[in-house]
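An overview of the molecular structure
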Amino acid sequence: MATYLITGATSDVGCRLIESIIAPQDIVIAQGCGDLKHLAPLCQKFPGQIHTYDVDLSDDSAVDVFISHVSERFGAPTHFVHLPALRVVNTKFKNFDMDRFETDLHIQVHSALRLSRAFLPAMAKARFGRVVFMLTSYIIGVPPKNTAAYVTAKHALLGLAKSLCADYAPFGVTVNCVAPYMMETKFLSDTPDLVVQMSAEANPMKRNARVEDVVPAIRFLLSDEAGFISGVTLPVTGGAAIL
């Protein structure tokens, strides 16, 4: 039996991931923020297995309460997948929105750090754990212009993942990341259609990434077969970014 903690579970990737990994007797702790309705069909399909939490990850105290509830009810998860982020806003650096950046930093990095600090020591004690963080292909090579806030937050998350890998690999806990190309989900609702189209045309495969491209990569990194893989950032880019 596995216990999955998935933050950003209400996203397109989160919902598809839950449906693809959950097995009988598994438990999924699924976090969203004001959008738990997206998980309702899955809760009906897997009754009693998915436990939803409405938590504002930009609020450190709310995250701490969430951690306390999860710890008391479920103990430490065996798998932790961290997906959340604010939508990308293309803004010239002279117009950098410091308040929005601070919010995104809390959602992406502070919450990941707090959750990891709470649960990775228990994973280490159990000699097993799988951790996957969602990054972006923007961290590979030259990033697009006007994305400083998003790219900075993602690099901070990458730094955390590398440090956790170094600390916890001796204890059977793997920490990896996926870095998708622009992915056509509701996350792009604030991105102009022309930008999405230009991104697709610039890709060697002449399309953007899809949820069904990214979820299998995450699922593999969570699997027993990936037990000797840690510290990896897996590009899911159709050949647009090569490490």
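Above this text is the structure in question.
A few points on the structure. Being a predicted model, the structure only gives us computed values, none of them experimental.

Our next topic: the nonpolar core. With 40 residues, the main nonpolar core has Ile-29, Phe-66, Leu-120, Val-131, Phe-133 and Val-175 as its most contacted residues. Of all the elements, helix α4 (residues 98-126) adds the most residues to this core, at 10 residues. Excluding residues within four positions of it along the chain, Ile-29 makes contact with Thr-3, Tyr-4, Leu-5, Ile-6, His-51, Tyr-53, Phe-66, Val-70 and Phe-74.

Here the focus is the environment of Ile-27. Among the structural elements, Ile-27 can be located in strand β2 (residues 27-32). Given the relative accessible area of 17%, Ile-27 is considered buried. Linking Ile-27 and Leu-5, residues 22 residues apart in sequence, is a C-alpha distance of 8.6 Å. The contact partners of Ile-27, leaving out residues within four places of it in the chain, are Met-1, Ala-2, Thr-3, Tyr-4, Gln-49, His-51 and Phe-74.

Another point: the environment of Pro-204. Tracing the chain through its elements places Pro-204 in the loop between α6 (193-202) and α7 (211-222). For the pair Pro-204 and Ala-240, spaced 36 residues apart in the sequence, the C-alpha separation amounts to 6.1 Å. Those residues in contact with Pro-204, other than ones at most four positions away along the chain, are Gly-238, Gly-239 and Ala-240.

What follows covers the packing of aromatic side chains. Within the structure shown, the criterion is met by six aromatic pairs. Three or more aromatic residues link up through ring pairs in this structure, and these residues are Phe-93, Phe-96 and Phe-101.

Let us look at the sheet that holds strand β5 (residues 129-134). Read from one edge of the open sheet, seven strands run β3-β2-β1-β4-β5-β6-β7, paired in parallel fashion. Of all strands in the sheet, those bounded by a partner on one side alone are β3 (50-54) and β7 (233-236). Recorded for the sheet is a direction-independent mean angle of 15° between the axes of neighbouring strands. On the sheet, α4 packs against β1 (3-7), β4 (79-82), β5 and β6 (173-180) and is oriented at approximately 175° with respect to β4.

This next bit is on the pattern of salt bridges. Inspection of every chain in the model, using the stated rule, returns five salt bridges. Arg-16 is the salt-bridge partner of Glu-212, the closest N and O atoms lying 3.9 Å from each other. Of this pair, Glu-212 sits in helix α7 while Arg-16 sits in helix α1 (residues 12-21); the two residues are 196 residues apart in sequence, bridging distant segments of the chain. Judged by relative accessible area, Glu-212 falls into the partly exposed class, the value being 44%. On the basis of relative accessibility, which here comes to 38%, the residue Arg-16 falls in the partly exposed class. Salt-bridge contacts for Asp-60 lead to Arg-114; the nearest nitrogen and oxygen are separated by 3.6 Å. Within this pair, whereas Asp-60 is found in helix α3 (residues 60-74), its partner Arg-114 is found in helix α4, the two being separated by 54 residues in sequence. Residues joined by salt bridges that share partners form a network here, namely Asp-60, Asp-64 and Arg-114.

Most peptide bonds take the trans configuration, and most residues that are not glycine carry a negative phi. Although it is not a glycine, Gln-25 sits at a positive phi angle of roughly 80°. Mapped onto the elements, Gln-25 comes out in the loop between α1 and β2. Among the residues examined, Gln-25 registers a relative accessible area of 60% and is labelled exposed. The residue Arg-127 is not glycine, and still its phi comes out positive at about 65°.

Within the element layout of this structure, Gln-49 appears in the loop between α2 (40-45) and β3. Here the side chain of Gln-49 touches Ala-23 through a polar contact of 2.9 Å, landing on its backbone oxygen.

Where α1 contacts α7, the two axes come as close as 9 Å, and the packing angle between them is 55°. Of the possible angle classes, the one that applies to α1 and α7 is oblique. Once α1 is placed against α7, the crossing between them reads as right-handed. Judged by residue contacts, Asp-12, Val-13, Arg-16, Leu-17, Ser-20 and Ile-21 of α1 engage Val-211, Glu-212, Val-215, Ile-218, Arg-219 and Leu-222 from α7. Class assignment for the residues of the contact of α1 with α7 results in seven nonpolar, one polar and four charged.

Basis of the calculations
- Residues numbered from 1 in each chain as written.
- Predicted model: local features only at pLDDT ≥ 70, side-chain atom pairs only at ≥ 80, totals over all residues.
- Heavy atoms only, no water.
- Core = buried A, V, L, I, M, F, W, Y, C linked by side-chain atoms within 4.5 Å.
- Buried < 20%, exposed > 50% of the residue type's maximum accessible area, 1.4 Å probe, protein only.
- Helix = DSSP H or I, 4+ residues; strand = E, 2+ residues; numbered from the N terminus.
- Contact = heavy atoms within 4.5 Å.
- Phe/Tyr/Trp six-rings, centres within 6.5 Å; stacked < 30°, edge-to-face > 60°.
- Pairing = 2+ DSSP bridges.
- Axes fitted to C-alpha atoms, helices over the stretch in contact; angles between N-to-C directions.
- Salt bridge = Lys/Arg side-chain N within 4 Å of Asp/Glu carboxyl O.
- Polar contact = N/O pair within 3.5 Å; in protein donor to acceptor, adjacent residues only side chain to side chain.
- Parallel < 35°, antiparallel > 145°, perpendicular 65-115°, else oblique.
- Left-handed = near helix turned anticlockwise from the far one by under 90°.
- Nonpolar A, V, L, I, M, F, W, Y, C, P; charged D, E, K, R; others polar.

Scope: geometric values only; no functional claims are made or implied.
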